[in-house]
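# Descriptive analysis of the structure
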Amino acid sequence: MKTIGTSGAQSASPVGLRPKHLVFLGVVAFGLVFLVLQAGTRLAREHALAEIRARLEAQVAVRMELVNSREAMMHREVLFLASLPAVQSIAKSAKHPGSNRSQMGREEAWKQQLATIFLGFARTDPEILHMKFLGMADSGKELVRIDRVNNALLVAPEGQLLQLAKRDYFIQTARCRPGETFLSELNLDRINGVVVVPHIPILRVGAPVFGTDGIMEGMIFVSIDARPLLDDFRNTL
């Protein structure tokens, strides 16, 4: 203790710490606690964001695998169809149409054979909505087409076969080389040129058909119902 003055009265105070010092130390302590809490919150937030990014990347990978798997299957299917002997025969006959009854009969038999193959193929895959083979002559007219209508597979009659040379997918497929295919973006399904209602999103894959001379003689197209694929997308979210 320390005595001040000459009147005999004593005055005392703690050594070193005064009220303003205590306030300052309190502020510093609060600031340190705040910084520690902020650092902890930031680390937790960064950890949470990293976990979200990882989950999103995993979901994207799953969705890409679904698309790539279906695309690869469509690629194999359409290339297989393009290699069928019936397709090659029809393509040649369409390029050099017969003028006698015998040759016309053979052409019709090949078309019926291809339609039967299409029907059998589509029965094994309920997502297939349309299969068509068209020639390069007559503005890319369809030579054989089957449609799935109300879950029934139907062969399109001659009067409903369309000329497709101006369609984008015809133009894009015409640029393909042997072994290549064209995969469209999502489009709305059409039957005989009319959009189906209620709307059905589809994917279409096409492959050119080449003759032995290397000249393109036709094209094969397969259209699938994209709704199951979109449902799989949603289920991965």
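Residues numbered from 1 in each chain as written. Predicted model: local features only at pLDDT ≥ 70, side-chain atom pairs only at ≥ 80, totals over all residues. Heavy atoms only, no water.

## Focus: the overall build of the chain
- A tally of regular secondary structure across the chain gives six helices and nine strands.
- In the chain, of all internal contacts separated by at least 6 residues, the share reaching a separation of at least 24 is 57%.
- Of the roughly 15,100 Å² of accessible surface on the chain, 60% is carried by carbon and sulfur atoms. (Helix = DSSP H or I, 4+ residues; strand = E, 2+ residues; numbered from the N terminus. Contact = heavy atoms within 4.5 Å. Areas by Shrake-Rupley, 256 points an atom, 1.4 Å probe, with all protein chains shown as cover.)

## Observations concerning the packing of aromatic side chains
- Overall, the coordinates contain two aromatic pairs when judged by the stated rule.
- Ring centres 6.4 Å apart and planes at 20° place the aromatic pair Phe-80 and Phe-121 in the stacked group. Taken together, the positions of Phe-80 in helix α1 (residues 19-82) and Phe-121 in helix α3 (residues 101-123) put the pair 41 residues apart, joining distant regions of the chain.
- In this structure Phe-80 comes out as partly exposed when scored by relative accessible area, which is 46%.
- Under the relative-accessibility criterion, Phe-121 is labelled buried at 19%.
- The ring of Tyr-169 carries Arg-204 above its face, with NZ or CZ at 4.0 Å from the centroid. (Phe/Tyr/Trp six-rings, centres within 6.5 Å; stacked < 30°, edge-to-face > 60°. Buried < 20%, exposed > 50% of the residue type's maximum accessible area, 1.4 Å probe, protein only. Lys NZ or Arg CZ within 6 Å of the ring centre and 35° of its normal.)

## A short note on the confidence of the model for the chain
- Taken as a whole, the chain shows an average pLDDT of 80; of its residues, 68% reach a score of 70 or greater.
- A low-confidence stretch, residues 1-15 stays under pLDDT 50, and its non-local contacts, those more than four residues away or across chains, total four contacts. (pLDDT = per-residue confidence, 0-100.)

## Concerning the pattern of salt bridges
- What the rule picks out here adds up to six salt bridges.
- One salt bridge in this structure joins Asp-225 and Arg-227, with 2.7 Å as the shortest N-O distance.
- The exposure class of Arg-227 is partly exposed, given its relative accessible area of 40%. (Salt bridge = Lys/Arg side-chain N within 4 Å of Asp/Glu carboxyl O.)

## A look at the nonpolar core
- Counting 30 residues, the largest nonpolar core has Leu-81, Leu-114, Phe-118, Met-131, Phe-133, Ile-220 and Val-222 as the members making the most contacts within it.
- Considering each element in turn, this core owes the most residues, six residues, to α3.
- Residues contacting Val-222, with those up to four places away along its chain left out, are Met-74, Val-78, Leu-81, Ile-128, His-130, Met-131, Leu-203, Arg-204 and Val-205.
- Core analysis: the next-biggest nonpolar cluster, separate from the first, contains 10 residues, Tyr-169, Phe-170, Phe-182 and Met-219 among them. (Core = buried A, V, L, I, M, F, W, Y, C linked by side-chain atoms within 4.5 Å.)

## Considering the pairing of strand β8 (residues 201-210)
- A large share of β8 lies buried, amounting to 10 of its 10 residues.
- Covered by surrounding structure in β8 are Pro-201, Leu-203, Val-205, Ala-207 and Val-209 together with Ile-202, Arg-204, Gly-206, Pro-208 and Phe-210, the residues of both alternating faces.
- The pairing of strand β4 (residues 182-183) with β8 spans two bridges and is classified as antiparallel. From the neighbouring strand, Leu-183 faces β8, where its bridge partner is Val-205.
- Examined bridge by bridge, strand β5 (residues 187-188) and β8 share two bridges and lie antiparallel to one another. Residue pairing for β8: Asn-187 is matched across the bridge by Ile-202.
- Where β8 and strand β9 (residues 216-225) come together, nine bridges link them in antiparallel fashion. If you follow Val-209 over to β9, its bridge partner there is Gly-218.
- Between β8 and β9, which pair antiparallel and follow one another directly, the connecting turn spans five residues, one of which, Gly-214, has a positive phi of 85°. (Pairing = 2+ DSSP bridges.)

## Brief notes about the pairing of strand β2 (residues 142-149)
- With seven of eight residues buried, β2 is to be regarded as a mostly interior element.
- Strand direction decides the pairing type here: strand β1 (residues 128-135) and β2, joined by five bridges, are antiparallel. Paired with Met-131 across the bridge in β2 is Ile-146.
- Linking β2 to strand β3 (residues 152-155), which pair antiparallel, is a turn of two residues; within it Asn-150 sits at a positive phi near 50°.

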